[in-house]
Amino acid sequence: MKWFCFGVANLLLSACSPEKERTSTVEELIADDALLTKIIGERQNNLGKLRDTPNCRNAEAADGKLCLERMRKSLGG
């Protein structure tokens, strides 16, 4: 009975833990413009807290790559 109570308590506590945000890769963000826009918007609204998160660093890298691709296309390269 003691193990059953311990198991139920452990299950309830794990259900209350915050869900981890999935980290998107740079390539995934380049392919999904809506997700990239969402992450960049969240980052701009809370820069102090989100600046060093993996998603924000990946979104910044993806945005930079897209910007360079657009410049290359506009210059005819």
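For the structure itself, look to the data block above.
Bear in mind that the values here come from a model prediction, so they are computed numbers and not experimental data. (Residues numbered from 1 in each chain as written. Predicted model: local features only at pLDDT ≥ 70, side-chain atom pairs only at ≥ 80, totals over all residues. Heavy atoms only, no water.)

Draft legend 1. Region of interest: the overall build of the chain. Secondary structure assignment for the chain yields five helices and zero strands. Along the chain, helices and strands appear, N-terminal first, in the series α-α-α-α-α. Per-residue burial over the chain gives 13% buried out of 77 residues. Long-range contacts, defined here as pairs at least 24 residues apart, represent 56% of the contacts in the chain between residues at least 6 apart. For the chain, the exposed surface amounts to about 6,400 Å²; the carbon and sulfur share of it is 60%. (Helix = DSSP H or I, 4+ residues; strand = E, 2+ residues; numbered from the N terminus. Buried < 20%, exposed > 50% of the residue type's maximum accessible area, 1.4 Å probe, protein only. Contact = heavy atoms within 4.5 Å. Areas by Shrake-Rupley, 256 points an atom, 1.4 Å probe, with all protein chains shown as cover.)

Draft legend 2. Layout of the nonpolar core. Judged by nonpolar contacts, Val26, Leu29, Leu36, Ile39, Cys56, Ala59, Ala62 and Leu66 together constitute the single largest core of eight residues. When contributions to this core are tallied by element, the ones reaching two or more residues are α2 (26–31), α3 (33–45) and α5 (54–74). Looking at this core, the element that brings in the most residues is α5, giving four residues. Setting aside its immediate chain neighbours within four residues, Cys56 contacts Ile39, Arg43, Leu50 and Arg51. (Core = buried A, V, L, I, M, F, W, Y, C linked by side-chain atoms within 4.5 Å.)

Draft legend 3. Local environment of the pattern of salt bridges. Overall, the coordinates contain three salt bridges when judged by the stated rule. We note a salt bridge from Arg22 to Glu28, for which the minimum N-O separation is 2.9 Å. What makes Glu28 partly exposed here is its relative accessible area of 31%. Salt-bridge contacts for Arg43 lead to Glu60; the nearest nitrogen and oxygen are separated by 3.1 Å. In this pair, Arg43 is assigned in helix α3 and Glu60 in helix α5, connecting sequence segments 17 residues apart. (Salt bridge = Lys/Arg side-chain N within 4 Å of Asp/Glu carboxyl O.)

Draft legend 4. Region of interest: the packing of α3 against α5. Relative to each other, α3 and α5 sit at 120°, their axes nearing to 9 Å. As summarised for this structure, α3 and α5 are arranged oblique, according to the angle between their axes. For the pair α3 and α5, the crossing hand works out as left-handed. In this structure, α3 uses Leu36, Ile39, Ile40 and Arg43 to contact α5, whose residues at the interface are Asn55, Cys56, Ala59, Glu60, Ala62, Asp63 and Leu66. Of the residues in the contact of α3 with α5, the class split is seven nonpolar, one polar and three charged. (Axes fitted to C-alpha atoms, helices over the stretch in contact; angles between N-to-C directions. Parallel < 35°, antiparallel > 145°, perpendicular 65-115°, else oblique. Left-handed = near helix turned anticlockwise from the far one by under 90°. Nonpolar A, V, L, I, M, F, W, Y, C, P; charged D, E, K, R; others polar.)

Draft legend 5. Expanded view of the environment of Ala31. Following the sequence through the fold, Ala31 ends up in helix α2. C-alpha separation for the pair Ala31 and Ala62, spaced 31 residues apart in sequence, amounts to 9.4 Å.

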